Amino acid sequence: MAIFGIFTYSAGRSPLDDYDDPDGAPPPQKGCASIVLTLLAAFIGIVLIFKIYPRPAAPPNNYPPPYRGAPTTWRQEMPSRRNALTITPHPTTPRDDRVPLRYWVGTSLPPGLLTTRAREANARTFTPSPTPTPSPTPTPSPTPASPARSVTILVDDFRPQPYPDEAVYHLNRLDGERRAANDGSVLTWGRGVVTTIAAGVSWGGGWMSLNHPLHEALPLDFSAILPPQILPAYQGRITGLTAVVVGGTPGKRFRLELKDRGDLRWSNEVTLTGGRQIVSFDLPALQEINELLWVLDDIAPGDYVVLESLSFTATTPITDTATAAFVWSYGMLLNNWDPTTGLVRDKAKDASGEFDAIQDTGALAAATAQAAQLGVISRADAIRIVRKISDALLLDLPRYHGLWPHFVNVSDEGEIVIAPGVEWSSVDTAIAALALLDAQSGLGLDTKGTEQMLRAIDWDDLLTPNGISHGYAYSGDRFPYSWDVFGSESWLVDLAYASATGEVAPMSYPVPPTANGSGFIDEMAWLFAPPPAVDVWGSDWAAYRPDAADAQISYYPAHYPASCFSQLGLFGLSAGEIPAPSPTFQGSVYQAFGVGGRFAAANDGVDVLGAPVVMPHDAALIASLRPDAAITMWAWLIDNGYFTPLNNVESLSFPANAVCDTAAPVWNHMKGSWNLALQTLGWGRYLAQREGQAPILWQAAEENAFLRSGHRLLAISKE
């Protein structure tokens, strides 16, 4: 009666509305007494309902901590995402489809009951179902508690110049290919523009791949631009396309096209004015796209268009700088992984199997364990990735004296062989194996195969009076050089040796400084293992690490106080490719930049390039030590469009005497897997510590007996 009264009166009706006298007499008139009685019945009914159906108490929270698979039905504070909250039906409460019922956080109403409050709050109506079925247990998905932000993803600005010994630079800013769209198109690549001229055809233009070399036909999902393993809460979506035209034949039709492996998915066009035009289009919801074309239609010989840039507009839910740095770096690293072979290509511009990197492959396993700890991917996906990497490294790779090659090729038949001219590397083997072991241990997987692989290395042959040899040349000859200088590379090799043999290797120069003051040598080992206060050789890492971080941060203010880097808070001297390789450059494109060390003076780029340089991955490596400085630098990169979900910054410089504005830097966009791994692992460690969690990769040093034994040998001083 009470519920009936609620429904009928709230809808402006009473039981008398349906009165139909068989003799045709008019219905009785509704009076105040009827209305009062109806309301009184509703009130009594509601009171009785809440007496019969008290609010259920929240169950005890017996779930593991957040990021370990905890359901989010009951309200939890997600420690790394303020106000992150997922509202889902309670997994044990059957969904009654007979009533439009909204589930509230922490409670659910009994089946069949609809109160006025629930009805007014209701946002959706379920389709009736004759047999109520329990709702599936929800998959946790931590949600960044922030509104979507818009980012500009640069496809190309046509500024990079050819490498030495190359006639044309074939890559766009996404590390995809670029070339003429047909034989009748002549492309002239300038400094900041590309000119398309038609010659003897009815149409002409240019073409670009958006994700790796075109022949691999690997598309980009415009509705979820990061790899599919990354959870929806962190995904971005491409919503617009812009071309900046600086000139062209007036009256000609200029068209932009998006294709998926040759099939047209979208196009739109404008008429050229002959001057500068910003051609911008909103995009519909698109899925897989791997080609972008610009086209001149109905042309005569000599018709042309000059482009200054091509870019996408995208939205992302991530606004926290450190989270963006980790998620986007991890996304680019994971995108370089081939799930068929289990290996990681050295660079995004390489085809899979063309030049795959072993240390990068192991580092991806470690970064994947971090991503699972932080709730960026599911634990199930993390396990699948790490298991595939484990099979590739332990079962498929060739070995020589127990060592893996630094780089490999994969044949069309799937055979993995050492790349021509490449070494069998002790340090890259140690990095890959220890990173894999960390990931396996952190995810609760079997580590015995990795431990056995490390024990099977021919350590007796590698051991020299000065330290562990660098390995073997492609020819098979052992290198005369050893890991004998203070630094995290030597420490990681010695950790592998100590864990496998129970012995401590000699080291000729066991105390600071490092060989050249390169940033990654200071911090790399502590991505995979906790740093000791003082190690077995007497090195005081507790004092050295913050001092080394401060030396990086203060280098430009101390040496170039008027430089743009000093004014903007940008820093980092570490190893990588120079910002602007060109045909006129004399020297190695790869440089071990550093603040100076035992055997080398500072290399800041001035002597080599004529201008100072920064390597952003160094800031990521010291984020746990100096978070404010690291976040300031990466916020600048993100805010000014250099680092995005699809753009990376390998290195950056301001030309001599340049104005310190956002358009001035010269930058290398290479998505090199090793430096992507370093910045991913550095930010991942910081995020875990920021949330009060022990970094998952450090846990193996305590939980895995094999690694614990070696770590304790090295991490305890003899004094």
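Note: the structure precedes this text.
Parameters and conventions
Residues numbered from 1 in each chain as written. Predicted model: local features only at pLDDT ≥ 70, side-chain atom pairs only at ≥ 80, totals over all residues. Heavy atoms only, no water. Disulfide = S-S within 2.5 Å. Helix = DSSP H or I, 4+ residues; strand = E, 2+ residues; numbered from the N terminus. Patch = residues over 30% accessible without salt bridge, like charges linked within 9 Å, V, L, I, M, F, W, Y side chains within 5 Å. Areas by Shrake-Rupley, 256 points an atom, 1.4 Å probe, with all protein chains shown as cover. Salt bridge = Lys/Arg side-chain N within 4 Å of Asp/Glu carboxyl O. Buried < 20%, exposed > 50% of the residue type's maximum accessible area, 1.4 Å probe, protein only. Contact = heavy atoms within 4.5 Å. Pairing = 2+ DSSP bridges. Axes fitted to C-alpha atoms, helices over the stretch in contact; angles between N-to-C directions. Parallel < 35°, antiparallel > 145°, perpendicular 65-115°, else oblique. Left-handed = near helix turned anticlockwise from the far one by under 90°. Nonpolar A, V, L, I, M, F, W, Y, C, P; charged D, E, K, R; others polar.

### Some points on the state of the cysteines
- According to the stated counting rule, one finds 1 disulfide in the structure shown.
- Each disulfide pairs two cysteine sulfurs, and for Cys564 the partner residue is Cys660, the sulfurs being separated by 2.0 Å. The disulfide joining Cys564 to Cys660 has a torsion of about -85 degrees about its S-S bond and is therefore left-handed. Of this pair, Cys564 sits in helix α14 (residues 564-568) while Cys660 sits in the loop between β24 (651-653) and β25 (666-668), and the two are 96 residues apart along the sequence.

### Details of a nonpolar patch on the surface
- On the surface, Val186, Ile197 and Tyr304 cluster together into a nonpolar patch covering about 220 Å² of accessible area.
- Here Val186 shows up in strand β3 (residues 185-189).
- Residue Val186 is classed as partly exposed on the basis of its relative accessible area of 41%.

### Quick look at the pattern of salt bridges
- Across all of its chains, the model carries 26 salt bridges by this definition.
- In this structure, Lys259 and Glu257 form a salt bridge, with 3.9 Å as the shortest nitrogen-oxygen distance. As far as burial versus exposure is concerned, Lys259 and Glu257 are alike and both buried.
- Each of Arg253, Arg255, Glu257, Lys259, Glu269, Asp297 and Asp298 takes part in salt bridges that share partners, so that together they form one network.

### A closer look at helix α19 (residues 696-703)
- A large share of α19 lies buried, amounting to 6 of its 8 residues.
- For α19, the complete set of buried residues consists of Ile696, Leu697, Trp698, Gln699, Ala700 and Ala701.
- Close packing links the buried residues of α19 with α5 (358-373), α7 (426-442), α12 (525-528), α18 (673-690) and α20 (705-715).

### What to know about the pairing of β3
- In this sheet, strand β4 (residues 194-198) lies alongside β3 in antiparallel orientation, the contact comprising 5 bridges. Within the sheet, the bridge partner assigned to Trp189 lies in β4 and is Val194.

### Quick notes on the sheet that holds strand β16 (residues 407-410)
- Spatially, the 4 strands line up as an open sheet ordered β14-β15-β16-β17, and their pairing is antiparallel. Edge positions in the open sheet fall to β14 (344-345) and β17 (416-418), since each of these has one partner strand only.
- Alignment of strand β15 (residues 356-357) against β16, held across 2 bridges, turns out to be antiparallel. Residue Ala357 lies in a different strand from β16, and its bridge partner there is Phe407.

### Focus: the packing of helix α4 (residues 321-335) against helix α17 (residues 627-639)
- Here α4 crosses α17 at 65 degrees, and the two axes come no closer than 9 Å. In this view, α4 runs roughly perpendicular relative to α17, as classed from their interaxial angle. The interaxial crossing formed by α4 with α17 has left-handed handedness. On α17, the residues touching Thr321, Ala324, Ala325, Trp328 and Ser329 of α4 are Ile631, Trp634, Ala635 and Ile638.
- Looking at the contact of α4 with α17 residue by residue, the class counts come to 7 nonpolar, 2 polar and no charged.

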